[in-house]
Amino acid sequence: MQENFSLKPYNTFGVEAKAHYFTEVSTIDELKEALIFSKMNSLQLLFLGGGSNILLTKDFDGLAIQLNLKGISEEHISENEVLVTAKAGENWHEFVMYCLQKNYGGLENLSLIPGNVGTSPMQNIGAYGTEIKDVFVSCEALDLENLELRTFSLEQCRFGYRDSVFKQEGKRRYVILGVTFKLTQKEHRIKTEYGAIQSELENLGIKNPTIQDVSKAVIHIRQSKLPDPKKIGNAGSFFKNPTIPLAQFEALRQQFENIQGYPNGNMVKVPAGWLIEQCGWKGKQIGNAASHQLQSLVIINATGKATGKEIFDFSTEIINSVKEKFGIELEREVNII
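Residues numbered from 1 in each chain as written. Predicted model: local features only at pLDDT ≥ 70, side-chain atom pairs only at ≥ 80, totals over all residues. Heavy atoms only, no water.

Chemist: For this particular structure, what's the right way to read the layout of surface pockets?
Modeler: A probe as big as a water molecule, rolled over the atoms, marks out the empty space that is left. Computed from the structure, the largest pocket encloses a volume of approximately 1500 Å³. In this structure, the largest pocket is lined by 48 residues; those nearest its centre are Tyr 161, Arg 162, Tyr 194, Asn 241 and Leu 297. Considering every element that reaches the lining of the largest pocket, the biggest residue donor is helix α7 (residues 272-278), with four residues. Tallied by class, residues from the lining of the largest pocket come to 19 nonpolar, 20 polar and nine charged. Looking at the second largest pocket, its volume works out to about 1200 Å³. Along the wall of the second largest pocket there are 47 residues; nearest its centre are Leu 46, Met 122, Lys 171, Arg 172 and Ile 337. (1 Å grid on protein atoms, 1.4 Å probe; cavity = no way out; pocket = protein on both sides within 12 Å on 5 of 7 lines; lining within 4 Å. Points joined across faces, edges and corners; volume = space filled by probe spheres on them. Helix = DSSP H or I, 4+ residues; strand = E, 2+ residues; numbered from the N terminus. Nonpolar A, V, L, I, M, F, W, Y, C, P; charged D, E, K, R; others polar.)

Chemist: Would you mind showing me how to read unusual backbone geometry here?
Modeler: Look at Asn 4: it is not a glycine, yet its phi comes out positive at around 50 degrees. Position of Asn 4 among the secondary structure elements: in strand β1 (residues 2-6). Among the residues examined, Asn 4 registers a relative accessible area of 53% and is labelled exposed. Backbone geometry places Tyr 128, a non-glycine residue, at a positive phi of 50 degrees. Topologically, Tyr 128 is positioned in the loop between β8 (126-127) and β9 (130-131). Take Tyr 128: its relative accessible area is 9%, and that puts it in the buried class. (Buried < 20%, exposed > 50% of the residue type's maximum accessible area, 1.4 Å probe, protein only.)

In structure tokens:
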């Protein structure tokens, strides 16, 4: 247990913030010990995974716990299906690469997403036509109220767009310890219709892609337009893509004929990046914070010296700008601490 501990290396924005107490845990017993300590001292809790989906706007006056639970196990349930379970502290991209090396399909479109396995169900991470819920079986979590283990099924997680029970009534009650996925071994479902995957495969001269080829294309696309958090502080996509009623979208199209949208019944998902770019934010910098020059959906610590509050205030300016122009209020995807 350490005191007055810097969390700068533990968040991908690279902002400075200190935790009153900090500890790393690699077993459930160590985790329970830390939780007992927090209860005895009436401390708030902050769980850290890869630090890729948080913005620290101030010092944390509580106990920050780095989850380092590691391990991957497999259970072959048929000739075509395998259950793969990864502990919360496993790096997400490394886990995806592990599965691809085994020729297990289902996660290839989620290559190069930052963070750890344990945080993946919280916001139902997704990219290029795939979401966690598509291959999710269950996750094991620790109930922080009674320190008992609980297993959540797919239905119990109530996954939505970048949403789950862990961001609703389960927020701050459970910590995810491990996740089980059902993946394919032979009859892979190749998804290339979303985004620029098909054109990227064509650029690579690939006509009959394997799951490894899809992963390679996704990695190329992400690297071409998203900044590496090891070089430029960021948390990936900062905002959710808003979903608005079809009638509202049609009215906006009368005014903005080039507006982009993806209909789903009576609702339309509008790309937040397009809205932000139309408001002139792409590449714009205020102080130490900026919108990335290649992807306006990504806010960066442009100078490496930005505070969390500076980045938060920058995001507020974007939200206000988009609402004023389009009447759409963007929602932050990043967790604000």
